[in-house]
Amino acid sequence: MSLDVHIKQGIELPLVEKSGSQSTYVVVAFQGWSTKSKVFDNDLNPNWNELFTFPLGKRGITYDDVVDITVYTFRTDARGKVIGVGSFNAFNLVETPKQVRPIKLKDSRGVENGATIVVGYEYKVPEDFYLVKQQTRLAEPIDQATLSVVNDIYQIRFLIHEARQLTHIPCDPVVVITIDKATKSTQICEDSVDPVYNEAISFVVYDSPFNIAKEVVHLRVLNTLRMDEAALIGEFKFVMMTAFTSDAIGWDEPAYKPTDACRTMFRKWLIITHPTETPKNIKGFVNLSLSIMASGQKLLAPPQVEPLLLNVFPYVSLSALSHKSCDFITMC
């Protein structure tokens, strides 16, 4: 896998050199690597047209991978001045691997300076990668604008089934879930890197489906044998909109409208990683189910489906998958 960054051109770069003319170049940084373009002389609308390739290995792009772009002036006798900086979240390329985007540059104070740099991106993956993803990824979410804005009492219920292949040894793991400012956890599972919980965590909120869909779920796995920052084994974040998808159970409930039905997704595998690591390394897997129920709605039973025998990612062993039906969801 690799990421191509194509620096196309700059538009209306500000003149920051007192000499009245300036030459410019671009520095592109991604996942700890950085590279720079050729110098373009005496032009406030430079056409660099230069391609950079960043290797990704087998891990792919994660939700917090950002491409940072900085435009400098070039001087032969001293370090050049910063004309502007911009960034792009590479995770947007997971669904649309090839994009061209104008990025507005900001000065050192974080204020847009009127300049734009046009950048092309291409996320290159093996030919069979998206075929596998299509068999296991969640369907496209419904339009958030169609969700009800009427407040009601909702129960957001997580069922933590198990975790697999946690990297801390020895390990007494606990799963912690945070929504907004509310935090709840499972019980501690002693001395296990493959803990089985089968434990429910519930949050009760008074809000509308429209607002609930925008909430971010922050799941962490902690090793309770450690009391410092090293206690964090890994984490995973996703938006509640994940549960409002066309393959989530609840669309065929006759008593409710499609946009108001109980939303339930069953046995999704989350790949947990450590937020400070670059590149990201897999720290384990967590399997959970999620239901969003309004007042009076029943908890739906899981569907009867065939076991999943598919190796979802080439670097994940089949032992990471449960014998029960499951699939993976991607980070936000």
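Structural notes, computed from the coordinates.

What counts and what doesn't
- Residues numbered from 1 in each chain as written.
- Predicted model: local features only at pLDDT ≥ 70, side-chain atom pairs only at ≥ 80, totals over all residues.
- Heavy atoms only, no water.
- Helix = DSSP H or I, 4+ residues; strand = E, 2+ residues; numbered from the N terminus.
- Buried < 20%, exposed > 50% of the residue type's maximum accessible area, 1.4 Å probe, protein only.
- Contact = heavy atoms within 4.5 Å.
- Areas by Shrake-Rupley, 256 points an atom, 1.4 Å probe, with all protein chains shown as cover.
- Patch = residues over 30% accessible without salt bridge, like charges linked within 9 Å, V, L, I, M, F, W, Y side chains within 5 Å.
- Salt bridge = Lys/Arg side-chain N within 4 Å of Asp/Glu carboxyl O.
- Core = buried A, V, L, I, M, F, W, Y, C linked by side-chain atoms within 4.5 Å.
- Phe/Tyr/Trp six-rings, centres within 6.5 Å; stacked < 30°, edge-to-face > 60°.
- Lys NZ or Arg CZ within 6 Å of the ring centre and 35° of its normal.

### Section: the overall build of the protein chain
Part 1 of the reasoning: For the protein chain, the count of helices and strands is two helices and 17 strands.
Part 2 of the reasoning: Looking at the protein chain as a whole, 47% of its 332 residues qualify as buried.
Part 3 of the reasoning: Taking as baseline every contact in the protein chain between residues at least 6 positions apart, the subset at least 24 positions apart corresponds to 66%.
Part 4 of the reasoning: Carbon and sulfur atoms form 52% of the exposed surface of the protein chain, whose accessible area is close to 16,700 Å².

### A few points about the environment of alanine 230
Part 1 of the reasoning: Along the chain, alanine 230 turns up in the loop between β13 (216–223) and β14 (232–239).
Part 2 of the reasoning: When the C-alpha positions of alanine 230 and histidine 168 are compared, they lie 9.8 Å apart, and in sequence the two are 62 residues distant.

### A short note on a nonpolar patch on the surface
Part 1 of the reasoning: Taken together, Ile153, Val204 and Tyr206 make up a surface patch of nonpolar side chains, about 360 Å² in accessible area.
Part 2 of the reasoning: You can see valine 204 is positioned in strand β12 (residues 196–207).

### Re the pattern of salt bridges
Part 1 of the reasoning: Throughout the structure, instances matching the rule amount to five salt bridges.
Part 2 of the reasoning: Linked through salt bridges whose partners overlap, the residues forming this network are Glu162, Arg164 and Arg267.

### Regarding the nonpolar core
Part 1 of the reasoning: Of all hydrophobic cores here, the largest spans 30 residues; its most connected members are Phe158, Ile160, Ile177 and Leu219.
Part 2 of the reasoning: Contributing elements (two or more residues each) for this core: β9 (152–164), β10 (173–179), β12, β13, β14, β15 (263–273) and β16 (282–294).
Part 3 of the reasoning: Those residues within four positions of isoleucine 177 in sequence are excluded, and the remaining contacts are Phe158, Ile160, Ala182, Thr183, Lys184, Ile201, Phe203, Val217, His218 and Leu219.
Part 4 of the reasoning: Counting 28 residues, the second largest nonpolar core, distinct from the first, contains Ile61, Val71, Leu93 and Ile117.

### With respect to the packing of aromatic side chains
Centre distance and the angle of the planes are the two values used to describe a pair of aromatic rings.
Part 1 of the reasoning: Within the structure shown, the criterion is met by seven aromatic pairs.
Part 2 of the reasoning: Plain terms: the ring middles of tryptophan 269 and phenylalanine 285 are 6.4 Å apart, the flat faces sit at 85° to each other, and that makes the pair edge-to-face. With a gap of 16 residues between them, tryptophan 269 in strand β15 and phenylalanine 285 in strand β16 connect regions that are remote in the sequence.
Part 3 of the reasoning: Note on phenylalanine 285: relative accessible area 2%, which makes it buried.
Part 4 of the reasoning: Joined through ring pairs, the aromatic side chains of Tyr25, Tyr72 and Phe74 make up one cluster.
Part 5 of the reasoning: Of note, lysine 36 hangs over the ring of tyrosine 25, and the distance from its end group to the ring centre comes to 5.4 Å.
Part 6 of the reasoning: One Lys or Arg, lysine 184, reaches over the ring of phenylalanine 203 and ends 5.3 Å from the middle of that ring.

Everything listed here is a matter of coordinates, which is why it stays silent on function.
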